[in-house]
Amino acid sequence: MPSVRLVNVSKRYGEITAVEHADLQIEDKEYVCIIGPSGCGKTTLIKCIAGIIEPSEGEVYINNKLMKNVPIQDRGVGYVFQEIALFPHMNVYENVSYGPIVKGWDVSRIRSLVEEMLNMMALRERIYDRPDVLSEGAKQKASIARALVSGSLLLLLDEPLGSLDAKVRTMLRHELKRMVKDLNLTAIHVTHDQEEAMAIADKIVVMNAGRIVEIGTPLELYLRPKRLFTMNFVGEANFIVSEIVKRMNHRTKVRKNAAVFYSSERVDFEEKKVVAAIRPEFVLMKKPIEGKMSWSGRIETMVFMGSTVRYEVRTEDGELIVVKRPFVSGAYEWNVGSHINLEFPPESVLLYPYPEAGLEKEISIE
Amino acid sequence: MPLVRLVNVTKRFNGITAIRNLDLEIGDGEYLCVLGPTGSGKTTLLRLITGVIKPDEGEIYFDGKLVNGVPPQERNTAYVPQDYALFPHLTVMGNVSFGPASRELSKEEAYGISTRMLEMTKLAWRAASFPNELSGGMQQRLALARGLASGASLLLLDEPLGALDARLRVELRYKLKGLVKEKGFTAIHVTHDQEEAMVVGDRIAVLRHGQIQQASIPFTIYNEPGSIFVANFVGGANFLEGFIVERSQHGSWVQLRNGFTIRIIETGYSTGERVVLAIREETTRIVKNPRTKEKINFFVGTVESASFLGNCTEYTILLENGDTVKSKVPISLRTRGISIGDRVYVHLQPENIRTYLYPATGLYKELEAV
Amino acid sequence: MQRQQVVTKQKISVFNFVAILDLLSSKPWARYLVYVSSLVFLFVLILTPPIAGILQKIGLFGEIYKTPDLLARANSAIFWSFMTAFVVSILDLVAALPLAWFIVRSRSKAINLIDTLADIPFLIPTAALGYSTTLFWSTGKGISSLFGVESLVPPGFILVLLLHFAFSYPVIVRVMVGELLGYKEVYEVAAKTLGAQPFTSVRTVTLPLLKPALVASFLLAFARSLSETGATVMVAGAFENGPVFIFNNMDREGVLVYVTSLLILASVVTFFLIRLFAPRLRLSVKRAWPSFERSLSSQVSVKIRDTVTIALFLFLVIIPALWVALPLMNALGDGTISKALGNIEPWNDFWSSMLLSYQIGLISTLTNIILGLPAAVLIARKRLGRLTPLLDALVNVPIIVPSIALGVSLKFFWATYEVPEFWVLVLSHTTITYTYFVMSMAASIESIRPEMEEVASTLGAKPFTIFRRITLPLTKYSVFSGAVLVFTRCVGETGAAKAVVRTLKTVPVLLVEWIVQGKVSPSESALGIGFLILASFLVLLVLRIVVRGER
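The rules behind the values
Residues numbered from 1 in each chain as written. Chains lettered and ligands numbered in written order. Predicted model: local features only at pLDDT ≥ 70, side-chain atom pairs only at ≥ 80, totals over all residues. Helix = DSSP H or I, 4+ residues; strand = E, 2+ residues; numbered from the N terminus. Buried ≥ 20, exposed ≤ 12 C-beta atoms within 10 Å, placed from the backbone. Contact = placed C-beta atoms within 7 Å. Rg over C-alpha atoms; globule rule 2.2 N^0.38 Å. Pairing = 2+ DSSP bridges. Axes fitted to C-alpha atoms, helices over the stretch in contact; angles between N-to-C directions. Core = buried A, V, L, I, M, F, W, Y, C linked by C-beta atoms within 7 Å. Domains from an automatic or database assignment. Nonpolar A, V, L, I, M, F, W, Y, C, P; charged D, E, K, R; others polar. Expected span 1.5 Å × (residues − 1). Bend = angle between axes of the 7 residues up to and from the residue. Parallel < 35°, antiparallel > 145°, perpendicular 65-115°, else oblique. Left-handed = near helix turned anticlockwise from the far one by under 90°. pLDDT = per-residue confidence, 0-100.

Thoughts on the overall build of chain A
Step number 1: On a plain count of helices and strands, chain A comes out with 9 helices and 20 strands.
Step number 2: Its C-alpha atoms give chain A principal-axis dimensions of about 75 × 50 × 35 Å.
Step number 3: Within chain A, buried positions represent 47% of all 366 residues.
Step number 4: A separation threshold of at least 6 residues defines the contact pool for chain A, and within that pool the share at least 24 residues apart is 66%.

What follows is the structure, given as structure tokens:
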């Protein structure tokens, strides 16, 4: 039985549409991440599920029960707020035990439950501290603990790692996923950080301007995204406006000015004008005499990024292609100013029909 | 001559020492990144340079001149605080022209400079809007334009990309650096994001608990981290504890947990000394069937989990001796057929291992990233 | 919102003056001078006179022991001052909080109406409220006729309770509405996601978080009840609280010294005790009763609660307050108004009193703005470091003390210096209203993030430039509403105005005399009240317009 089902959910505020025609199904015990730029409607969407906001149209089902006129407190959904929202006048223990207490659970049972959870989160020694003396990381953990202990089987998390340093985020996100899985919960985790989503999600929902753009596994969305927006949002990508020269059974021949390359995709749309996309880490750089393509260029910039090096290559006809190569310890493979030949492995070239509204608008994340 | 020089600067707040005996030099036209966790003193450092707070000890020099007693309005810095602090009651033009107006330029001059700045940051078309009507990215550019219009060529940026989405951050950091370099400004850019620091900084100064741990070009910080903290904070690594059991002129042997021994190239440590070994995840190789006859530094383990990170997959392997290591395998070299539960060999090449003395405060504290 | 123009370097004298101030502000000595003069003003002109005045005459403290019945009356009056204040404040909190809740949270269509009605008592000066209350409860022309009695609530303790309840009620509603509007609902929502019924979440989360505002409202109501003189005198009858007792014994210096010094001491101690202990009151969440609390949150319960609240509001606050409209209508019809406008006796006294009141109001307001602003900055930006809480406490003293007690000490003090009555009035009114302006400005400045001023200084702006181009524009509303608060308080003050001088009469003093001594006809009293209401209505209307313009 799907844990959550949204059917044609829309939310409007006067003239502004926050969410439009959202259809979504989340299975039991799935860990789903919803990603998208600020203002895309992801927070509004989960607030509709929690009952904090009423949709203007459409239905929300939790465990196949229609949530109409069901107030927040009766939905059984745990929520972790972006602003953390720990009760300032209560200490950690009182915050975390709040859920069970207001539900009228047995007092002794509450005590052991809360202590166990705080042990799991390494917060045991902060148990009687008030939120104002806790570090950001501790506050975040306490807020998650509070939602987990409340007994809900469905957890909604709004930027649960939002206020933490980059380094701490990468450390904490795995702990979060592990705990959710250990407790057999279903989780819907909203974030603007696509790397975070890819690292822990079973399934990712990409949203933009109030609409669900695409849904898929991290691998699918990174390697074979169906939409241009997803391609740009989920990682860096090169977009080359080109035209289809020849359609074949197992591949398609594409041309950009003098450069000719192949994609192993079989296109089924009619248009000739096409956007070819390839991720920077799949572009190969060869010495000028080698290479199966004849798209030559010059390395304009080079940035050392630790385990990778990021190159910007200016092709002979003026295109800028971004290339990322692993850094093999020792020396740099290339230098700024080097002349190289670019090579695109066909299985890494994705083709999309040229969007009506123009490429910039389609992929814009601002 | 360095544009800015801090000599033995200390700053305390209510008994807590925020900055401690800090020495730092920033060259003219340099883009310096100060990298450190929240609470390390980054904002305090910037505020000391702007003159908004004064050091308790030590001196600050601009272009060789002592500025300790000089008030902020005479230091000519362009300060962009973390939340931008845009003036909500003034338009975009009003915000940008505030600096020139305060320095008593004529109306024409002030307008001219402001317009140029707005064109440079692509905000000229919103000159009559108010800050709360702009998007996050535009607000950031406005804060920048405002700082630059005041005529300063020293930019002090406090987490300039912090308020933006992850994806937007990646896009805008290149533009930010490009703009600064194009105009020949000097910038001190403070951040907690090490990837950002590596990309934009000409040099990185790693700050922790008010002290600079290491200040160097990104390449050196990454490949020759001076401490466990820096190795972990910048780039992350696998850390293994052990102690030296044998030394020779070509290298040493370290005994890890439960009998595993590993070879390193260091020769400077004495036998019996407790050490910590650091190996980057991307140089931690996974091999299914090692073909080479030499079995140095090959360890057996089981794959516990796999995390797809986009441009690489991160595998967590539980070694037979109880240690856990992570390996990042780039997507382009995606090793086929490694699944969770597989028995694999982890190869840690000696030349990729950095050795550190076991820290007095314990390893856990050094890895806390705080 | 205004659009800021770029400053030019033109040679207009006004701009030159401003430029000089800008330049001066960058000199540390000039800044010290400004802050020091502000502090000197506070200490020398605000705090010292009342304290010194009482201490001068402290020798007379023992005189009252010679007259045991007066002593008994005095002690009783002091006791009943505090008792009344305490009872009224608790009742007000309990009754006004649900109305504030209704205004902010309800989805009823009546909200706008109730919201506007809740503002009405502010238009009516307390002297007018006293008169109106008496008419409504005590005379045959009010509710008494409904019950078939001559006087349902004759002048006395109960009537005083009703009066004080009525005039503190709107203050609490406004404070709590403001607090609830700014209150972050996310905490309540969080409680609900954890399974708490609405009633439970309010009990365990909202109320504890509102505690500071509740305590502040309580203290406001408490202070008003302790201090109010004019209206209380009108409704007290034979009952005496502190201010009434003083009012009745203006000529007995010994008695005055006794009661004044005790009142001052007791009020200061009470306030500091409440401020010290109230934050420690903790209401911990040990148990909940889900099904019971669910029923309390039901629609029916809410409707009952709202109906009772609104009924209380209408019958105990609004209707009695507006009752003066009846004789006012009469007065408009029976020719009194032409007498008034023709400046015929006793109206010549009335108009000169109005003029006097407004002059005092204007001067006090300007003085408080100019000399209070630096003090507000000192408090808001904690420029005095560890001494800031001390300054905060000292600035609050003038409103903690009942104004008539303050007036008595000031009389003692200024009498020795032979200062003309007009200036004594100005000084005392300034003292009484100082706190309102400074504290409201301080709160407003505090809400501006320091980063904004810091950035402005790095952009090259000198301190005074920052103040006039950043701080003031962002606190414009507070400056204006602070000034209006001071002005209306000045014009409405009775106790101190009565105590401090002999011959000059401000409008409230005059009106109280008219009503209590019965020297003029009811129509004339009503009309006088009417003019007073009209004047304050105009002032508040201007404030409303400015505020709406801001939004």
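Now that the structure has been shown, the text picks up again.
Considerations on the overall build of chain C
Step number 1: Secondary structure assignment for chain C yields 25 helices and 0 strands.
Step number 2: A compact globule built from 551 residues should have a C-alpha radius of gyration of about 24 Å, and chain C, at 25 Å, falls within 12% of that.
Step number 3: Principal-axis analysis of the C-alpha atoms places the extent of chain C at approximately 75 × 70 × 50 Å.
Step number 4: Among the 551 residues that make up chain C, the fraction classed as buried is 45%.
Step number 5: A separation of at least 24 residues holds for 82% of the contacts in chain C among residues at least 6 apart in sequence.

What to know about the sheet that holds strand β8 (residues 186-191) of chain A
Residue and element names in this part refer to chain A.
Step number 1: Read from one edge of the open sheet, 6 strands run β6-β7-β8-β3-β9-β10, paired in mixed fashion. With one partner strand each, in any of the chains shown, β6 (77-80) and β10 (211-216) form the two edges of the open sheet. Within the sheet, the average angular offset between the axes of one strand and its neighbour, ignoring direction, is 20°.
Step number 2: Sheet topology note: the strand β3 (residues 31-35)/strand β9 (residues 203-208) ladder contains 4 bridges and is parallel. Of the residues in β9, the one forming a bridge with Cys 33 is Ile 204.

Section: the nonpolar core
Step number 1: Formed by 128 residues in total, the largest nonpolar core has its most connected members in Val 259, Ala 376, Val 438 and Leu 511 of chain C.
Step number 2: In terms of residue count, the dominant contributor to this core is helix α20 (residues 421-446) of chain C (13 residues).
Step number 3: Shared between two domains, this core holds at least three residues of each, these being domain 1 (25-56 + 331-551) and domain 2 (59-282 + 289-323) of chain C.
Step number 4: In terms of nonpolar packing, the next biggest core, distinct from the first, is built from 112 residues, Ile 49, Ala 50, Leu 185 and Ile 363 of chain A among them.

Quick look at the domain arrangement of chain A
Step number 1: Here chain A is partitioned into domain 1 (2-230) and domain 2 (236-355).
Step number 2: Each of domain 1 of chain A and domain 2 of chain A has a C-alpha centre, and the two are 39 Å apart.

Here we look at the pairing of β6 of chain A
Residues and elements named next belong to chain A.
Step number 1: The alternating pattern of β6 places Val 77 and Tyr 79 on one face and Gly 78 and Val 80 on the opposite face, and all of these are buried.
Step number 2: Of the strand pairs in this sheet, β6 and strand β7 (residues 154-158) are connected by 4 bridges, and their pairing is parallel. Following the sheet pairing, Tyr 79 is matched in β7 by Leu 156.

Concerning the interface of chain C and chain A
Step number 1: Counting residues at the interface gives 18 residues for chain C, matched by 21 residues for chain A.
Step number 2: The greatest single-element share of the side of chain C that touches chain A, amounting to 7 residues, is contributed by helix α8 (residues 186-193) of chain C.
Step number 3: Split by residue class, the side of chain C that touches chain A holds 13 nonpolar, 4 polar and 1 charged.

Examining the sheet that holds strand β11 (residues 238-247) of chain A
All names here are of chain A.
Step number 1: A sheet is described by the order of its strands in space; here 5 strands give the open sequence β13-β12-β11-β14-β20, paired in antiparallel fashion. Pairing within the sheet leaves two strands with one partner each, and these edge strands are β13 (259-263) and β20 (350-353). In this sheet, neighbouring strand axes are inclined to one another by 45° on average, regardless of whether the strands run parallel or antiparallel.
Step number 2: Relative to β20, strand β14 (residues 273-278) runs antiparallel, the two sharing 4 bridges. When the bridges of β20 are listed, Ala 276 appears paired with Leu 351.

Notes on helix α22 (residues 463-492) of chain C
Step number 1: Its 30 residues place the ends of α22 of chain C only 37 Å apart at the C-alpha level, less than the 44 Å of an ideal helix rising 1.5 Å per residue.
Step number 2: The sharpest bend along α22 of chain C comes to roughly 65°, located at Lys 476 of chain C.

Brief notes about the interface of chain B and chain A
Step number 1: Each side of the interface is counted separately: chain B has 34 residues, and chain A has 31 residues.
Step number 2: Looking at the side of chain B that touches chain A, the elements that each hand over two or more residues are α5 (136-149), α6 (166-183), α7 (194-200), α8 (218-223), β16 (298-308) and β18 (324-330) of chain B.
Step number 3: Counting residues per element, the side of chain B that touches chain A draws most heavily on α7 of chain B, at 4 residues.
Step number 4: Tallied by class, residues from the side of chain B that touches chain A come to 14 nonpolar, 13 polar and 7 charged.

So, the domain arrangement of chain C
Residues and elements named next belong to chain C.
Step number 1: In terms of domain boundaries, chain C breaks down into domain 1 (25-56 + 331-551) and domain 2 (59-282 + 289-323).
Step number 2: If you average the C-alpha positions of domain 1 and of domain 2, the two centres end up 23 Å apart.
Step number 3: Taken residue by residue, the interface counts 27 residues in domain 1 and 28 residues in domain 2.
Step number 4: Secondary-structure elements contributing two or more residues to the side of domain 1 that touches domain 2 are α18 (388-400), α19 (403-415), α23 (495-500), α24 (507-517) and α25 (522-550).
Step number 5: Sort the elements by how many residues they give to the side of domain 1 that touches domain 2 and α25 lands first, with 7 residues.

A look at the pairing of β9 of chain A
Taken residue by residue, a regular strand's side chains alternate between the two faces of the sheet.
Residues and elements named next belong to chain A.
Step number 1: Within β9, 6 of the 6 residues are buried, which leaves the element mostly enclosed by the surrounding structure.
Step number 2: Across the two faces of β9 the burial is the same, with Lys 203, Val 205 and Met 207 and Ile 204, Val 206 and Asn 208 all buried.
Step number 3: Where β9 and β10 come together, 5 bridges link them in antiparallel fashion. By the bridge assignment, Asn 208 is partnered in β10 with Arg 211.
Step number 4: Two successive antiparallel strands, β9 and β10, enclose a turn made up of 2 residues, where Ala 209 displays a positive phi of approximately 50°.

Some remarks on unusual backbone geometry
Residues and elements named next belong to chain A.
Step number 1: In this structure, Glu 159 takes a positive phi of about 45° despite not being glycine.
Step number 2: The topology assignment puts Glu 159 in the loop between β7 and α5 (166-182).
Step number 3: Positive phi, normally seen in glycine, also occurs at Ala 209, with a value near 50°.
Step number 4: Inspection of the secondary structure puts Ala 209 in the loop between β9 and β10.

Section: the packing of α8 of chain C against helix α9 (residues 198-227) of chain C
Residue and element names in this part refer to chain C.
Step number 1: Their axes nearest at 10 Å, the elements α8 and α9 cross at an angle of 155°. Between α8 and α9, the crossing angle belongs to the class labelled roughly antiparallel. For the element pair α8 and α9, the recorded crossing hand is right-handed. Contact residues: α8 offers Tyr 187, Glu 188, Ala 191 and Lys 192, while α9 offers Ser 201, Thr 204, Val 205, Thr 206 and Leu 209.
Step number 2: Considered class by class, the residues forming the contact of α8 with α9 number 4 nonpolar, 3 polar and 2 charged.

Description of the packing of helix α7 (residues 157-182) of chain C against α9 of chain C
The description of two packed helices rests on the angle between their axes and on the distance between the axes.
Residue and element names in this part refer to chain C.
Step number 1: In the contact formed by α7 and α9, the axes pass within 9 Å of each other and the chain directions differ by 155°. On the basis of the axis angle, α7 is roughly antiparallel to α9. Judged by the twist between their axes, the crossing of α7 over α9 is right-handed. Residues His 164, Phe 167, Ser 168, Val 171, Ile 172, Val 175, Met 176 and Glu 179 of α7 pack against Leu 210, Ala 213, Ala 216, Ser 217, Leu 220, Ala 221, Arg 224 and Ser 225 of α9.
Step number 2: For the contact of α7 with α9, the residue count by class is 10 nonpolar, 4 polar and 2 charged.

A short note on the environment of Leu 485 of chain C
Step number 1: Inspection of the secondary structure assignment puts Leu 485 of chain C in helix α22.
Step number 2: For the pair Leu 485 of chain C and Lys 303 of chain C, spaced 182 residues apart in sequence, the C-alpha to C-alpha distance is 35 Å.

Some details on the confidence of the model for chain C
All names here are of chain C.
Step number 1: Predicted confidence across chain C gives a mean pLDDT of 85, with 95% of residues reaching 70 or more.
Step number 2: Considering only residues more than four positions removed or in separate chains, one finds that residues 1-12, a stretch of pLDDT under 50, has 17 contacts.
Step number 3: Our summary of model confidence lists the complex with pTM equal to 0.87 and ipTM equal to 0.88.

Notes on α24 of chain C
Residues and elements named next belong to chain C.
Step number 1: Most of α24 sits inside the fold, with 8 of its 11 residues counted as buried.
Step number 2: Within α24, burial applies to Val 507, Pro 508, Val 509, Leu 510, Leu 511, Val 512, Trp 514 and Ile 515.
Step number 3: A positive phi of about 60° marks Gly 518, the residue just after α24.

Observations regarding the environment of Val 546 of chain C
Residue and element names in this part refer to chain C.
Step number 1: Relative to the helices and strands, Val 546 is located in helix α25.
Step number 2: Using a count of 14 C-beta atoms within 10 Å as the deciding quantity, one classes Val 546 as partly exposed.
Step number 3: Val 546 sits 416 residues away from Gly 130 along the chain, and the two C-alpha atoms are 30 Å apart.

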